Amino acid sequence: MTQHPIAFPELHPPLTPQAAVAEANRCLFCFDAPCAGACPTHIDVPRFIKKIATGNPLGSAETIVDANVLGLSCSRVCPVDVLCEGACVYHNINGKPITIGLLQRHAMDHFYAAAGKLPYKTLPGAKKVACIGAGPASLACAAELRKHGLDVTIFDKRPQPGGLNTYGVAQYKFTPTDAAREIEIIRATGVTFRSGISVGENLSIEDLERDFDAVFIGIGLGATQPLGIPGEHLPNVLNALEFIAAYKTAQPLHVGHSVAVIGGGNTAIDAAVAARYLGASQVSILYRRAESNMSAFAFEYEHARASGIGFVWNARPVRFTNHSVDLDNGLTVPCDTIIIAIGQSRLLDTLQQIRTLELRNGQVVVNPQTGQTADPKYFAGGDCVNGGREVVDAAAEGKRAAKGILQWLT
Amino acid sequence: MADLTSHFAGIHSPNPFWLASGPPANCGEQIMRAFDAGWGGAVWKTIGEPIVNVSSRYSSVDLNGCRMMGLNNIELISDRPISVNLREISEVKRRYPKHAVIASLMVESKREVWHDIVKRAEDAGSDGLELNFGCPHGMSERGLGSAVGQVPEYACMITEWVKEVARTPVLVKLTPNISDIRTVARAAKKGGADALSAINTINSITGIDLDTLTPRPDVGGKTSHGGYCGPAVKPIALHMVQQIASDPQVQLPISAIGGIGSWREAAEFILLGAGTLQACTAPMHYGFRIVEDMIDGLSHWMASKGYANIDAFRGLSLPRVTDWQHLDLNYKIVARINPETCIGCQLCYTACWDGAHQCIHVAGHAKPEDEAAFTMASLVSTPTSSTVSHATPARRIPTVDEHECVGCNLCWLVCPVENCISMVRVDTGNQPQSWAERVQQ
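Residues numbered from 1 in each chain as written. Chains lettered and ligands numbered in written order. Predicted model: local features only at pLDDT ≥ 70, side-chain atom pairs only at ≥ 80, totals over all residues.

Chemist: Looking at this structure, I do not really get the environment of Glu10 of chain A. What am I missing?
Modeler: If you trace the backbone, Glu10 of chain A turns up in the segment before helix H1 (17-26). Taking the C-alpha atoms as reference, Glu10 of chain A lies 4.7 Å from Tyr172 of chain A; in sequence the two are 162 residues apart. (Helix = DSSP H or I, 4+ residues; strand = E, 2+ residues; numbered from the N terminus.)

In structure tokens:
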């Protein structure tokens, strides 16, 4: 990022070193711990926490990255309430789970402050693997392959690698600077990053298949889906991902005083909260169904309410104008800016170029154990397979596919 | 409220809680504030020819974030002139006549020197004398403190000298740095001691600074062994108090010292025969104010048990300590896990497998390694629902093979949930039989 992104306060400030040790000491060190089982990447949580307690934060971070090379971003963006912390046995003692996410961040911050490295080396005669897309799934896949000495190249159409970690995560959770740190340790293991490359445009399928022994597809999802209603192309109508990417890359944004966000998921909340930080005094989320149907996590919903976001239920837009959203019940919500956050489309154009893939509902079908697609040379993981989940799911699927690739190539 | 008044070897105090001889009892001003806070007595910081101290002097052992589980010191006896200490004793006794002030003494091993200090301390108004035969560091290099307490003949001889002139009760403070504390207890008795104080601090090096490589406390890059005390030493002190209290050749009142920081430890020491309780590390850590709960908590506990005064329960646990050879080999207990309260941490499971007798099991797994591999291999993805059940999955709740369980208690000790694991008596159908009885047959 050449320009300075807009400064957002951190949603969860880091633990002080003493607070981290105190919290780490509270961990019971469960055997075969439920938190580790609940983590899609199966980080050995009690082990890394114990290492914080003993004053071995570097060893702690190494335990984390051994299971999940994206340990830093996951510590910041994981919905821990429904993952590791949700599984903590303390819920059944005093209701106060260990703050695993903050402890993981503590260890990972130490790792990067200490210029930690991944000790991976290329083996002679290494097989070559291409990863398409430079988001969390490909990064995790590449790191796991490098751990076993393979030669890895990552292609991405954007100028910066990182995918949604760089362009799509709410700024108050994770900054592009931290995303870049995570990418740099992977680059330092010898992974080649090639930006500005689109499969089928300036990289042909034939070249890809000729030059690489296996291909991992981690292209994620496409643009925000259109609603198909009048006014959608007005200049005051933005889509959520472009909006988030724009403010994260410090592009000038003027959302005005009032903002309406269309959607009911976590991205809608990220966009709405960001609109508040960008100066909007009135931000409303318009959701087409009832409160109980909302797909956003409960803690995200609470965060939105605490940020002063208003919610309008059963609100189905029929028309956008340059100063309002008109609803099907005849009501009009006045607003300066409209942000659409109703889910991402599938990248069918790209996926269909690889004719041997099997797609279902626009998602790549894989063997869940190995990430292998219908074409054995291709593996896949992340949003293009799961339809759009968390960073940690992409990391887990990338790692799993890497193991599948290793198994298939040897 | 229960009556906590203490009458110990002829020394009277409003309650049995005394400051032990140490930094909290260094001067009259401190001791008077301690009495105001509620302490019943104080054993003055040991009086003798003034010494010169080093800095630093203390170091400690922390445990999992808790400070000062154990404390170590290399401080010597009082660094103030004898006359100043004695003048302050007089002042404290004048202002607090009902509180116990005991002069702790340590002087050169000469009869006339001991005679002199005893007379001066008693003239100052002290209610009793405590002979410091226990200090294990520094003073012992000069032939004092534990150098006396480790040789029964010396301890007996000096006690005799003191008793030749003493008009007040004489307590002999014992060192734990000896293979059998009863030998010196008996020597003190032989020398005429009226009571014993136990234990003094234990020889220790608490730890090493891993950056400087200097053990603590650091005195210009070097250290010297110190005396260990605080919560960590309570079990050692309890055992030694029990040994002395159970010894038919001793039979003296005991002022207990060693890790007493609350009414719970106080009750335990009294149950093993102690008459008064001395504390030093706890007031050093938290201040004199802790005595309020010591009094309050002990009173409530005594009331709940129906004990009207300290003597009503003193020594009640002594008959329950015996030699191993007299324990019933046919008494059997087994562990039972309550699945309703089990949180599935499986600490009992790994503890039993790695540290005990391999009789706690998790369904479907032969041993702990397999269980880890099982969970780690399962595919998990982020739930889409915001609501997550915190109920313990049934598959995580271990079960006990009661036939194989030896009743060792380890699972019960490691279980973080109160009353989740209980150790339950099972009838073996056999009559009680001890090892001693078995080998007799």
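Chemist: Can you walk me through the interface of chain B and chain A in this structure?
Modeler: A common way to express how large an interface is: the accessible area buried when the components associate. Contacts between the two partners involve 28 residues from chain B, matched on the other side by 30 residues from chain A. Secondary-structure elements contributing two or more residues to the side of chain B that touches chain A are helix H11 (347-355) and helix H12 (368-377) of chain B. Broken down by class, the residue content of the side of chain B that touches chain A amounts to 13 nonpolar, 13 polar and 2 charged. (Contact = placed C-beta atoms within 7 Å. Nonpolar A, V, L, I, M, F, W, Y, C, P; charged D, E, K, R; others polar.)

Chemist: Got a minute to help me understand the packing of helix H6 (residues 181-191) of chain B against helix H7 (residues 234-246) of chain B in this structure?
Modeler: Angle between the axes and distance between the axes: these two values describe a pair of packed helices. All names here are of chain B. Running from amino to carboxyl end, H6 crosses H7 at an angle of 45°, the nearest separation of the two axes being 10 Å. Taken together, the axes of H6 and H7 are oblique relative to one another. Here H6 runs over H7; the crossing is right-handed. Across from Ile181, Arg182 and Ala185 in H6, the residues of H7 making contact are Met240, Gln243 and Ile244. When grouped by side-chain class, the residues that make up the contact of H6 with H7 number 4 nonpolar, 1 polar and 1 charged. (Axes fitted to C-alpha atoms, helices over the stretch in contact; angles between N-to-C directions. Parallel < 35°, antiparallel > 145°, perpendicular 65-115°, else oblique. Left-handed = near helix turned anticlockwise from the far one by under 90°.)

Chemist: Explain helix H7 (residues 100-113) of chain A to me, please; I cannot follow it from the model alone.
Modeler: Residue pairs spaced three or four apart in an α-helix point in one direction, given the helix's 3.6 residues per turn. Residue and element names in this part refer to chain A. Helix length check: H7 (14 residues) gives 20 Å between terminal C-alpha atoms against 20 Å at 1.5 Å per residue, within 8%. Every buried residue belonging to H7 is among Ile100, Gly101, Leu103, Gln104, Arg105, His106, Ala107, Met108 and Phe111, and all of these are buried. Ala115 occupies a position one or two residues after H7 and carries a positive phi of about 55°. (Expected span 1.5 Å × (residues − 1). Buried ≥ 20, exposed ≤ 12 C-beta atoms within 10 Å, placed from the backbone.)

Chemist: So what exactly am I meant to see when it comes to the nonpolar core here?
Modeler: Generally speaking, a soluble globular protein has its nonpolar side chains buried in company with each other. Membership of the largest hydrophobic core comes to 148 residues, with the highest contact counts inside it found for Phe216, Val261, Ala271, Ala272 and Ile339 of chain A. Residues contacting Val261 of chain A, with those up to four places away along its chain left out, are Ala268, Ala271, Ala272, Val283, Ile285, Leu286, Ile339 and Ala341 of chain A. Residues Trp18, Met139, Cys156 and Leu171 of chain B belong to the second largest nonpolar core, which totals 97 residues. (Core = buried A, V, L, I, M, F, W, Y, C linked by C-beta atoms within 7 Å.)

Chemist: Just to check I follow, could you spell out the confidence of the model for chain A for this structure?
Modeler: Note: predicted coordinates in regions of low pLDDT should not be interpreted at a detailed level. Averaged over every residue, the pLDDT of chain A is 94; the share at 70 or more is 98%. Counted against residues more than four places away or in other chains, residues 1-5 of chain A, with its pLDDT under 50, gives 11 contacts. (pLDDT = per-residue confidence, 0-100.)

Chemist: Any chance you could explain unusual backbone geometry here in plain terms?
Modeler: Among all residues save glycine, negative phi is the norm, and among peptide bonds the norm is trans. Note the cis peptide between Ser55 of chain B and Ser56 of chain B, where omega equals 5°. Examined against the element boundaries, Ser56 of chain B turns out to sit in the loop between strand S4 (41-43) and strand S5 (58-63). Residue Pro217 of chain B is reached from Arg216 of chain B by a cis peptide bond, and omega for that bond is -5°. Position of Pro217 of chain B relative to the elements: it lies in the loop between strand S11 (202-204) and strand S12 (226-229). In this structure, Asn314 of chain A takes a positive phi of about 50° despite not being glycine. The residue Asn314 of chain A is located in the loop between strand S8 (310-312) and strand S9 (317-321) in this model. Of note in this structure, Leu213 of chain B is not a glycine but carries a positive phi near 65°. Along the chain, the position of Leu213 of chain B falls in the loop between S11 and S12. The exposed category is assigned to Leu213 of chain B, around which 8 C-beta atoms lie within 10 Å.

Chemist: Just to check I follow, could you spell out the packing of helix H12 (residues 240-248) of chain A against helix H13 (residues 266-277) of chain A for this structure?
Modeler: All names here are of chain A. Where H12 meets H13, the axes come as close as 10 Å, and the angle between the chain directions of the two elements is 45°. Relative to H13, the element H12 is oriented oblique. Remark: the crossing between H12 and H13 carries left-handed chirality. Contacts from Ala240, Phe243, Ile244 and Tyr247 of H12 reach H13 at Thr267, Ala268, Asp270, Ala271 and Ala274. When the residues that make up the contact of H12 with H13 are grouped by side-chain class, the tally is 7 nonpolar, 1 polar and 1 charged.

Chemist: When you look at the sheet that holds strand S7 (residues 282-286) of chain A in this model, what are you seeing that I'm missing?
Modeler: Whenever strands of a sheet pair, they do so through backbone hydrogen bonds, lying parallel or antiparallel. All names here are of chain A. The 5 strands are arranged S5-S12-S6-S7-S8 in an open sheet whose pairing can be described as parallel. Among the strands making up the open sheet, the edge pair consists of strand S5 (237-239) and S8. On average, each strand axis in the sheet is inclined to that of its neighbour by 25°, with strand direction left out of account. Across 5 bridges, strand S6 (residues 258-262) lies against S7 in parallel orientation. Bridge pairing in S7 places Ile262 opposite Leu286. (Pairing = 2+ DSSP bridges.)

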